Amino acid sequence: MNQKNKKILVVGFLDGWGVGDREEGNLLYEANTFNFDNFLREYPAMSLIATGSKVGLSEWEKSNAKSSYLNIGAGRVVEQGAQRIKKYLEDKKIFENKVFFDTFLQTKNKSGNLHLVGTLSSNDDNNTQKNFLEFSRYAEAQNIKVFLHLVLDGKSTAKNIALDLLTSLQDELHNFSNTKIASICGSFFAKDSTFHWDRTRVACELFTQSKGQVVPDFLLALQDFYDKKIYDEKIPPLLSKQQDVILKSEDLVLFLDHEGTSFRQLIKSLIFDNFYKFPRREKINSQVLTMTEYEKDLPIDFLSGKNIMHNTLGEVLNSEDKKIIKISSPDKYVFLTSYLNAGQEGIFSNEEDIMVAPKNDYSADSKFFSVENDIKNISKTVIKYIEKKEHDVILFNFSGLEKLLKYSKREEVLSACELIDKKLKKISEYVLAGQGTLVLLGTYPALEHDPEGINIEVNKNPIPMIIIDESLRGRSVLNFDPPGGDLSLTKPLGSLSDVATTLLGLLNIEKPTDMTGKDMLSNINN
């Protein structure tokens, strides 16, 4: 691989930023994004596919943050863990897995119970109702009682979808005799991954001390919270009976999520001997398994290994001795770091990761303030490192907008979009002044389809990519300039798996054979 020059490359990942029809309900169209619109008109711009088989998802699945960052960083189509586990379950081979079979047999011989912990979500990347039912059906056939512990999503889905999902699950459970829902808890507590250990403590004490509100009917309890404008993500621990959540030494606890990064804090608080993040009575003594490897060196067994990839974007840049810095808020830190490195743990020797404002408050009451604060702090940090001229590649993301809409007024979301637009203009000025290149890339679509302004969700639209460089100003893509820079009038030219190859092309680095993505620079007219 040859490196011909050393000009700075800055890549801005715009979470929730998709390409949709310019009509009412498209927040990116309604917002005054004057600068972004100018970028679309003045520099090469194209749309890329972010969903379906092109990013390792099934054709009916919507895009999501994990699949997007994995495909971007890998430079190839990455089959998602959800798809591997789905096949594993469909052919029943998962029940023949030696780790599962041996541990399950121990539980059965000790007359223990099976506790299934997982995300109740319409997003197949987390978990589905089918996963709960398949394991429950297998356990009941072995005369083992099953207790379900449901973690509500509200992040990658509509904020109040759990009521419908829970109704459907309860209908299915009428066909089971020894399976019951034992607890419900919002992902805000059970799946915090931003080191807010006070939140993790709430979920930990659900399992270690049976702490929570005992309710006679989960559906009525959920509706009561909805009436108080408390939705899925923030639902506190709810119990059917306190004895149902007690984890005994003879029990087996199986975490069902295919991707469990967000469960790391909870699991550590439950199993570590010398846990110190908050006062804890004692660890649980149950057997604990996870569907996949949630973290390297986590001392528990898992059923399906990771898809290990080599010659990813980060690895290639590191081998070319490129100095990289990644700048993110806590909300999407793991995506810009671990997932962009194709799920690899740790960082490369030439890589530096910065979490901006790690103590930010993400409560519903201060959601707008937090996102606005993140945008300002990330922009300030990016410019700081551009001016230092110590790095070859700067990667940053602006996130939280689609989440903001669930808890704030529509006007506040539009204001946040406009703030990002202003900061992108400022960042571009610093990049161009140093004769560098700025790439703006949507990661997954969400903001461009919200007709009612209450239940925005990730969708199947493509995402935009703009390459801002003085040498490319005025250049068109495939001899076609969409009127007014409206990318919705054009067909996608590639997918997210083509991004890594394109970034390497901008740095004049040859792509490795492992990368199957195309260089999108070939679509730009001379």
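For the structure, see preceding data.
As the structure is a prediction and not an experimental result, all values here were calculated from the model. (Residues numbered from 1 in each chain as written. Predicted model: local features only at pLDDT ≥ 70, side-chain atom pairs only at ≥ 80, totals over all residues. Heavy atoms only, no water.)

Draft legend 1. Seen up close, unusual backbone geometry. Of note in the backbone geometry, Lys-229 takes a positive phi value of approximately 65 degrees without being a glycine. Summarising the element assignment, Lys-229 is placed in the loop between helix 10 (218-227) and strand 7 (238-239). Residue classification places Lys-229 among the exposed residues on the basis of a relative accessible area of 65%. The phi dihedral of Asp-321 falls on the positive side, at around 65 degrees, and the residue is not glycine. With respect to the secondary-structure elements, Asp-321 resides in the loop between helix 12 (313-319) and strand 11 (324-328). Accessibility expressed as a relative area gives 55% for Asp-321, which makes it exposed. (Helix = DSSP H or I, 4+ residues; strand = E, 2+ residues; numbered from the N terminus. Buried < 20%, exposed > 50% of the residue type's maximum accessible area, 1.4 Å probe, protein only.)

Draft legend 2. Representation of the layout of surface pockets within the structure. If you add up the space inside the largest pocket, you get close to 430 Å³. Along its surface, the largest pocket is lined by 23 residues, and Phe-195, Thr-261, Arg-264, Tyr-333 and Val-334 are the ones closest to its centre. Elements supplying a minimum of two residues to the lining of the largest pocket: helix 11 (264-271), helix 13 (333-339) and strand 12 (351-355). A per-element tally of the lining of the largest pocket places helix 13 first, with 4 residues. Among the residues forming the lining of the largest pocket, the class breakdown is 7 nonpolar, 9 polar and 7 charged. (1 Å grid on protein atoms, 1.4 Å probe; cavity = no way out; pocket = protein on both sides within 12 Å on 5 of 7 lines; lining within 4 Å. Points joined across faces, edges and corners; volume = space filled by probe spheres on them. Nonpolar A, V, L, I, M, F, W, Y, C, P; charged D, E, K, R; others polar.)

Draft legend 3. Main features of the environment of Ala-500. Mapped onto the elements of the fold, Ala-500 is located in helix 17 (residues 499-506). Residue classification places Ala-500 among the buried residues on the basis of a relative accessible area of 0%. For Ala-500 and Val-316, which are 184 residues apart along the polypeptide, the C-alpha to C-alpha distance reads 9.9 Å. Ignoring anything within four residues of it in the chain, the contact list for Ala-500 reads Ile-72, Gly-73, Gly-75, Leu-313 and Met-515. (Contact = heavy atoms within 4.5 Å.)

Draft legend 4. Representation of the sheet that holds strand 7 within the structure. Reading across the sheet, the 8 strands line up as 6-7-5-4-3-8-9-10 and stay open at both edges, with mixed pairing between neighbours. Each of the sheet's edge strands pairs with one partner strand only, and the pair in question is strand 6 (213-214) and strand 10 (301-304). Bridge count for strand 4 (residues 146-152) against strand 5 (residues 179-186) is 7 bridges, and the pairing is parallel. From the neighbouring strand, Leu-150 faces strand 5, where its bridge partner is Ile-184. Together, strand 3 (114-120), strand 4, strand 5, strand 8 (252-255) and strand 9 (287-292) form the strand contacts of helix 6 (residues 129-141), whose direction differs from that of strand 3 by roughly 170 degrees. Of the strands in this sheet, strand 3, strand 4, strand 5 and strand 7 are in contact with helix 9 (residues 197-209), which crosses strand 5 at around 155 degrees. (Pairing = 2+ DSSP bridges. Axes fitted to C-alpha atoms, helices over the stretch in contact; angles between N-to-C directions.)

Draft legend 5. Structural context of the sheet that holds strand 1 (residues 9-16). Reading across from one edge, 12-11-13-1-14-15-2-16 is the order of the 8 strands in this open sheet, with mixed pairing throughout. Of all the strands in the sheet, just strand 12 and strand 16 (494-495) have a single pairing partner and so form its edges. Relative to strand 15 (residues 463-468), strand 14 (residues 437-445) runs antiparallel, the two being bridged by 4 bridges. Across the sheet, Leu-438 pairs through a bridge with Ile-468, a residue of strand 15. Those strands touched by helix 3 (residues 65-74) are strand 1, strand 13 (393-398) and strand 14, and its axis lies near 145 degrees from that of strand 14.

Draft legend 6. Highlighting the packing of aromatic side chains. Scanning the model with the defined rule gives 18 aromatic pairs in all. A ring pair is formed by Phe-396 and Phe-398, whose centres lie 5.3 Å apart and whose planes are at 70 degrees; its orientation type is edge-to-face. Phe-396 sits in the buried class, given a relative accessible area of 0%. By the ring-pair criterion, three or more aromatic residues cluster together here, those being Phe-95, Phe-100, Phe-104, Phe-135 and Tyr-138. Sitting over the ring of Phe-225, Lys-228 keeps its end group 5.6 Å from the ring centre. (Phe/Tyr/Trp six-rings, centres within 6.5 Å; stacked < 30°, edge-to-face > 60°. Lys NZ or Arg CZ within 6 Å of the ring centre and 35° of its normal.)

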